[in-house]
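The lines below spell out each chain.
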Amino acid sequence: MSKECNNQSCTKESCEGCSHRQTDFSVAANAGSHIKKVIGVVSGKGGVGKSLVTSLMACSMREKGYKTAILDADVTGPSIPKMFGVHDKATQAPNNTIQPLYSAKGTAMMSVNLLLEEETDPVIWRGPIIANVVKQFWSDVCWGDVDYMFVDMPPGTGDVPLTVFQSLPLDGIIIVTTPQDLVSMIVSKAVHMADAMNVPILGIVENMSYFVCPNCGEKHFIFGNSDIHTVAANFAIPVATALPIDPNLARLCDSGKIEDWKLEGLNNLTALLESI
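Throughout this document, residue positions are counted from 1 along each chain, in the order its sequence is written. Since the coordinates come from a predicted model, pLDDT governs what is reported: local features require at least 70, and pairs of side-chain atoms require 80 or more to be given and counted, while whole-chain, interface and lining totals use all residues. Hydrogens and waters are ignored; side-chain quantities use all the structure's heavy atoms.

If you check an unreviewed UniProt entry, the protein appears there as Iron-sulfur cluster carrier protein from Candidatus Fimimorpha faecalis. In its Subunit (unreviewed entry) section, UniProt records this for the protein: "Homodimer." UniProt positions are given in the numbering used here, feature names are shortened, and annotations may be inferred rather than shown by experiment. A UniProt comment under Function (unreviewed entry) is attached to the protein, and it reads "Binds and transfers iron-sulfur (Fe-S) clusters to target apoproteins. Can hydrolyze ATP."

A.B. asks: Account for the side chain of D74, with residues named and values stated.
C.D. replies: Helix and strand definitions here come from DSSP, where helices need a minimum of 4 consecutive H or I residues and strands a minimum of 2 consecutive E residues; each element is numbered from the N-terminal end. Residue position: D74 is located in the loop between β2 (68-72) and α2 (80-84). Only protein chains enter the accessibility calculation, which uses a 1.4 Å probe; a residue is then buried when its area is under 20% of its type maximum, exposed when over 50%, and partly exposed in between. Asp and Glu are treated as the negative residues and Lys and Arg as the positive ones, with His and the ends of the chain left uncounted. What counts as a salt bridge is simple: a side-chain nitrogen of Lys or Arg found within 4 Å of a carboxyl oxygen of Asp or Glu. Look at D74: it is buried, it has no salt bridge, and the nearest opposite charge is K50 at 5.6 Å. Contacts of D74, omitting those with residues within four sequence positions, involve D152, M153 and P154. Contact criterion: two residues are considered in contact whenever any of their non-hydrogen atoms come within 4.5 Å of each other.

A.B. asks: Give a description of the pairing of strand β6 (residues 172-177) that names residues and reports values.
C.D. replies: Of all the six residues making up β6, six are buried; the element is thus mostly covered by neighbouring parts of the structure. Burial along β6 is two-sided: the face carrying G172, I174 and V176 and the face carrying I173, I175 and T177 are both buried. Paired strands, in this sense, are two strands between which DSSP finds at least two bridges. Where strand β1 (residues 33-42) meets β6, four bridges bridge the pair, whose relative direction is parallel. Bridge pairing links V41 to I174 in β6. Bridge count between β6 and strand β7 (residues 201-206): five bridges; the pairing is parallel. Within β7, the position partnered with I175 by the bridge is I204.

A.B. asks: Residues and numbers for the packing of aromatic side chains, please.
C.D. replies: Pairing of aromatic side chains here covers Phe, Tyr and the six-membered ring of Trp, requires ring centres within 6.5 Å, and sorts the geometry by plane angle: under 30 degrees stacked, over 60 edge-to-face, intermediate tilted. Under the counting rule described, the total for this entry stands at three aromatic pairs. Taking the centre distance of 5.2 Å and the plane angle of 85° together, the rings of Y66 and Y148 count as edge-to-face. Of this pair, Y66 sits in the loop between α1 (50-63) and β2 while Y148 is found in strand β5 (residues 144-152), placing the two residues 82 residues apart along the sequence. Both rings, one in Y148 and one in F150, keep their centres 6.3 Å apart while their planes meet at 10°; by these two values the pair is stacked. Given a relative accessible area of 0%, F150 falls into the buried group.

A.B. asks: Break down empty space enclosed by the protein for me, citing the residues and quoting the values.
C.D. replies: Every definition here rests on a 1 Å grid over the protein atoms only: cavities are sets of points where a 1.4 Å probe fits but cannot get out, pockets are open sets enclosed by protein on both sides within 12 Å along at least five of seven lines, and lining residues have some atom within 4 Å of a point. Grid points are joined across faces, edges and corners, and a volume is the space filled by probe spheres set on the points. Enumeration over the complete set of coordinates arrives at two cavities of 30 Å³ or more. Around the largest cavity, the lining residues are V42, S43, G44, G156, T157, P161, F165, A190 and M193. When contributions to the lining of the largest cavity are tallied by element, the ones reaching two or more residues are α4 (159-167) and α5 (183-196). Each residue gets one label: Ala, Val, Leu, Ile, Met, Phe, Trp, Tyr, Cys and Pro are nonpolar, Asp, Glu, Lys and Arg are charged, and the others, such as Gly, are polar. In terms of residue class, the lining of the largest cavity is built from five nonpolar, four polar and no charged.

A.B. asks: I'd love a proper account of helix α6 (residues 228-235), names of residues and values included.
C.D. replies: Looking at α6, one finds that the buried residues are I228, V231 and A232. All buried residues of α6 fall inside an arc of 100° around its axis, so they share one side. For α6, the exposed residues set more than 90 degrees away from the buried face come down to H229, A233 and N234. A236 sits one or two positions beyond α6 and adopts a positive phi of about 60°. Here the arc refers to the set of directions running from the helix axis out to each C-beta atom.

The following block contains the structure:
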């Protein structure tokens, strides 16, 4: 479909083959935002735990002394505020900027659930509107000083992931997956999109990798033996970490206390983030 040219001096009916056609979709950050690193969290399918991994990365980097923030780009399925126990509503400053909200331990965040009248209200918006909301979270929110911002994206390669890839200055992405038969295809979709958008892939996190028996301490691979190292090697990207199935972590997320989880097994991931 041809796109109308928005350059008034152009005589062409559309931007097809036109030198005025938009090629730079980047959006400027708010004047009050000073963000050093922006990390996208992606997956080729839903239900793999992107929001969990996003939150754990923000917590782990904050524990190391960095100022962290989360931009919840999963507009139709926002879960970040609930995991951190943040239920207040975002406010608008006199200069029309929006102030982020903060977790108990200081992680800044912005999510559509912080703007809705009720957290359970559905977001029934079309793709272009949702994409514009994500851009406004970047341009209209006064984030302040942030060392690491993590962008929690919806699954797949649709409007919102494309908007984030094209509009935000991503320093890299983390791919989240689970140990199931579809892992190779799921990772492939994320890898190919990142390659097409020329965004570095920092590593893969395998969530729900195994379960540790509380009685004997033995690891049980509920979804079968993992092929993540083979898949990662095929794409020449590192496995950042493998996270277990942890009922206690699930309970803390449901009660809004993810920051109380004892962070273990994330040293490789935090070292990877510090290296970029």
